[in-house]
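Report on the structure
Here is what each chain is made of, one letter per residue.
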Amino acid sequence: MNIFDILGPVMVGPSSSHTAGAVRIGRIARRLLGEGTPVHAWIGLSGSFAATGRGHGTDRAIIAGLLGMQTDDERIASSFACAAQEGMAFTFESVKLTGEHPNTAKLILTARSGRTMEMVASSLGGGRIMVVELDGLRANFSGDLPTLIVQNMDQPGHVSDVTSMLAHKGINIATLQLSRDHPGGNAVMILEIDKAVPQEGIAWLARTEGIRRVTFVDAEPVEVQA
Amino acid sequence: MAIDSLAGLMQAGAERDLFDVILENDCRERGALREDSLARMRMLYAAIRRAGRGYDPALRSGSGMVGGDGARMRAHAASGKTICGEYIGSVIAQALEMGESNACMKCIVAAPTAGSCGVLPAVLLPYQQREGLDDETMVRAMYVSGMIGQIIARKASIAGASGGCQAEIGSASAMAAAALCYLAGGSAEAVCHAAAIAVKSLLGLVCDPIAGLVEVPCVKRNAAGAMIAMSSADMALAGIRSAVPPDEVIAAMREVGDKMDVSLKETGVGGVAGTPFGQSIAKKMSGKSE
Ligand code: SF4
């Protein structure tokens with residue numbers, strides 16, 4: 001832990017895991033959907049999120065994150081009203097997600113275009129989070145680093161499509177994860193990289209046959225600026 | 001070499017100013033630039049000052065148990081009828097206000113955690129005002145407090161769920177004691193002993209929040225942590241030393257945390273959370289979330 005893991009984050013209380021972490025879960029879901037504020041959000045709270053979430057404002061914090069608020073935004077407490085203003089409908093349920101971290105939420109978002117995105121994420125403590133499932137496939141990333149997500153058909157060659165595009169753009173890869181539902185089925189590639197991918201690189205990948213969707217989320221700001 | 005013990009910090013700070021040593025250490029550890037590190041710490045201190053001004057006595061927490069006490073204490077501090085005197089009264093008030101702001105979903109700065117966010121501001125803000133210090137001086141003290149927290153996190157814990165409340169309020173108190181001692185001109189040795197005395201004073205404190213919420217007993221413990229920080233800093237400034245070497249105190253903190261029953265580590269089961277009152281609130285809150 002470095003000195004800024006000890007001092008900070010600047011956050012709306014009461015709990016770094018149940019409030020600040022929950023805002024970040026909402027934010028990463030919004031960024032992964034990639035079309036601004038969703039029109040609908042279904043949110044399943046599991047474990048201690050379900051048990052003590054109401055008192056910690058976990059529900060309001062996730063909604064705030066979905067609206068794009070940062071962890072230090074004092075509108076978090078009244079995010080339900082903000083959601084109504086922005087035309088985002090939402091439902092909460094208590095669910096049991098097995099095998100996950102105690103503070104876990106599942107989100108199903110619908111964008112204005114009708115597209116849906118499903119994500120499971122955990123709050124690890126101190127405001128840090130991890131996305132553990134994306135559209136039904138296993139994942140393991142925080143969204144703190146620039147992250148490239150490529151959803152494709154499970155067929156040979158796609159890893160090299162992606163890595164050669166990044167090499168061509170001179171972008172270094174920090175981590176690379178692959179997962180699939182079954183051989184020849186749906187697959188996802190998650191790359192944490194050192195800098196942003198230019199738009200044409202993303203467009204080029206998206207046009208490649210067998211690649212269903214390409215999402216890029218840039219680094220979260222290190223710390224909310226005053 | 002990275003500083004990873006209080007002995008190491010005392011040694012590194014024997015000849016040089018602690019702030020310089022710690023800033024260098026941070027730049028090395030994170031591969032960060034000096035100016036970037038400083039800018040970030042300035043931002044945190046500015047956020048603490050803003051949070052101090054942002055207190056709203058009308059707010060109540062999710063369970064309704066917390067709110068308004070900071071204002072009560074502030075009025076009492078100004079009444080001339082305190083036992084502790086006006087200055088310490090304002091320290092207590094500041095601790096309660098920050099803890100309440102956290103419980104009521106206002107913006108705070110975790111130091112080291114949200115539950116213990118009131119300890120450091122409670123000793124720093126009134127001291128800055130009384131001594132007429134500028135923000136830059138306070139930022140230097142922030143580095144000192146952060147380094148103490150870092151060493152505790154490495155050798156023991158700063159999370160109630162793993163080490164009990166000694167890890168949160170205890171760590172915050174040690175960090176605050178070190179910052180105060182540094183601001184008052186204490187040597188690196190005095191700073192580390194102030195931290196060790198504070199940790200010893202809170203050793204064994206359990207984490208027992210009612211209904212698992214960061215409200216009771218958390219808010220009032222911030223006042224206790226601030227008081228112990230002040231007494232520890234003054235003892236160290238007087239030349240009093242912890243009989244037990246500071247690093248051994250941190251090791252003891254870890255051992256106590258490991259031995260602590262799980263019902264006393266943020267589970268909302270034991271301690272004041274387990275009292276009939278605590279359980280009645282827990283029941284009420286779980287009814288609400290259905
Ligand atoms: S009782 Fe537990 S939750 Fe409350 S301040 Fe202490 S460690 Fe944090």
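Small disclaimer: the values here were computed from a predicted structure and weren't measured.

1. Quick notes on the overall build of chain A
Scanning chain A for helices and strands turns up seven helices and 11 strands. Taken over the C-alpha trace, chain A has a radius of gyration of 17 Å; the compact-globule value for 226 residues is 17 Å, and the two agree within 12%. With respect to the principal axes defined by its C-alpha atoms, chain A has extents near 50 × 40 × 35 Å. A total of 226 residues make up chain A; the buried ones form 54% of that total. A sequence separation of at least 24 residues applies to 67% of the contacts in chain A between residues at least 6 apart.

2. Quick look at the domain arrangement of chain A
Think of interface size as the accessible area that goes away when the parts come together; that is how it is often given. All names here are of chain A. If you check the domain split of chain A, you get domain 1 (13-134) and domain 2 (147-217). Of note, the centres of domain 1 and domain 2, computed from C-alpha atoms alone, are 26 Å apart. In this complex, domain 1 contributes six residues to the contact, which on the side of domain 2 involves four residues. Between the two partners, domain 1 and domain 2, sit zero salt bridges. On the surface where domain 1 and domain 2 come into contact, there are zero residue pairs in polar contact (both at pLDDT 80 or more). Of all the elements, helix α2 (residues 16-33) adds the most residues to the side of domain 1 that touches domain 2, at four residues. Here the residues of the side of domain 1 that touches domain 2 are counted per class, giving four nonpolar, no polar and two charged.

3. What about the side chain of D59(A)?
Positionally, D59(A) belongs in helix α4 (residues 58-66). Every residue in contact with D59(A), bar those within four places of it in the chain, is listed here: G53(A), R54(A), F80(A) and F92(A).

4. Quick look at the pattern of salt bridges
Any two side chains of opposite charge can pair, so long as their charged atoms come close to each other. Residue and element names in this part refer to chain B. This model, assessed by the stated rule, comprises 22 salt bridges over all chains. For E131, the salt bridge identified is with R130, shortest N-O distance 3.0 Å. Judged by its relative accessible area of 39%, E131 falls in the partly exposed class. Its salt-bridge partner being D258, residue R254 comes within 3.6 Å of it at the nearest N-O pair. Note that R254 and D258 are positioned in helix α12 (residues 246-259) at a spacing of four residues, about one turn of the helix. For D258, a relative accessible area of 54% corresponds to the exposed category.

5. Some words on the sheet that holds strand β5 (residues 116-125) of chain A
Residues and elements named next belong to chain A. Ordered by their spatial adjacency, six strands build an open sheet running β3-β2-β4-β5-β6-β7, and the pairing between neighbours is mixed. Looking at strand neighbours, the two that pair on one side only are β3 (89-94) and β7 (137-141), the edges of this open sheet. Between one strand axis and the next, the sheet turns through 20° on average, direction left out of account. In the sheet, β5 pairs with strand β6 (residues 128-134) via six bridges, with the strands oriented antiparallel. Counterpart to S123 in the pairing with β6 is I129. Along the sheet, α4 makes contact with β2 (40-47), β3 and β4 (103-110), crossing β2 at roughly 140°.

6. Observations regarding the sheet that holds strand β9 (residues 173-180) of chain A
Residue and element names in this part refer to chain A. A sheet is described by the order of its strands in space; here four strands give the open sequence β9-β10-β8-β11, paired in antiparallel fashion. The sheet terminates laterally at β9 and β11 (211-217), the two strands that pair on one side only. Each strand axis lies, on average, 10° off the axis of its neighbour in the sheet, ignoring direction. The pairing of strand β8 (residues 147-153) with strand β10 (residues 186-193) spans seven bridges and is antiparallel. Bridged to I149 within β10 is I190.

7. Here's the deal with a nonpolar patch on the surface
On the surface, V159(A), L176(A) and L178(A) cluster together into a nonpolar patch covering about 240 Å² of accessible area. You can see V159(A) is positioned in helix α6 (residues 158-168).

8. Here's the deal with the interface of chain B and chain A
At the junction of the two partners, chain B supplies 41 residues and chain A supplies 33 residues. At the boundary of chain B with chain A, total buried surface from both sides reaches about 3,000 Å², with 67% on carbon and sulfur atoms. Ranking the residues of chain B by area buried against chain A places R40(B), M43(B) and M105(B) at the top, with a combined share of 24%. Across the pair E74(A) and K106(B) runs a salt bridge, and its minimum N-O distance is 3.2 Å. Across the contact surface, chain B and chain A share nine residue pairs in polar contact (both at pLDDT 80 or more). Those elements that place two or more of their residues in the side of chain B that touches chain A are α2 (18-30), α3 (34-53), α5 (86-103), β1 (107-109), α7 (135-155) and α13 (276-288) of chain B. Of all the elements, α7(B) adds the most residues to the side of chain B that touches chain A, at nine residues.

Each value, and the rule that gives it
Residues numbered from 1 in each chain as written. Chains lettered and ligands numbered in written order. Predicted model: local features only at pLDDT ≥ 70, side-chain atom pairs only at ≥ 80, totals over all residues. Heavy atoms only, no water. Helix = DSSP H or I, 4+ residues; strand = E, 2+ residues; numbered from the N terminus. Rg over C-alpha atoms; globule rule 2.2 N^0.38 Å. Buried < 20%, exposed > 50% of the residue type's maximum accessible area, 1.4 Å probe, protein only. Contact = heavy atoms within 4.5 Å. Domains from an automatic or database assignment. Salt bridge = Lys/Arg side-chain N within 4 Å of Asp/Glu carboxyl O. Polar contact = N/O pair within 3.5 Å; in protein donor to acceptor, adjacent residues only side chain to side chain. Nonpolar A, V, L, I, M, F, W, Y, C, P; charged D, E, K, R; others polar. Pairing = 2+ DSSP bridges. Axes fitted to C-alpha atoms, helices over the stretch in contact; angles between N-to-C directions. Patch = residues over 30% accessible without salt bridge, like charges linked within 9 Å, V, L, I, M, F, W, Y side chains within 5 Å. Areas by Shrake-Rupley, 256 points an atom, 1.4 Å probe, with all protein chains shown as cover. Buried area = accessible area lost by both parts, 1.4 Å probe.

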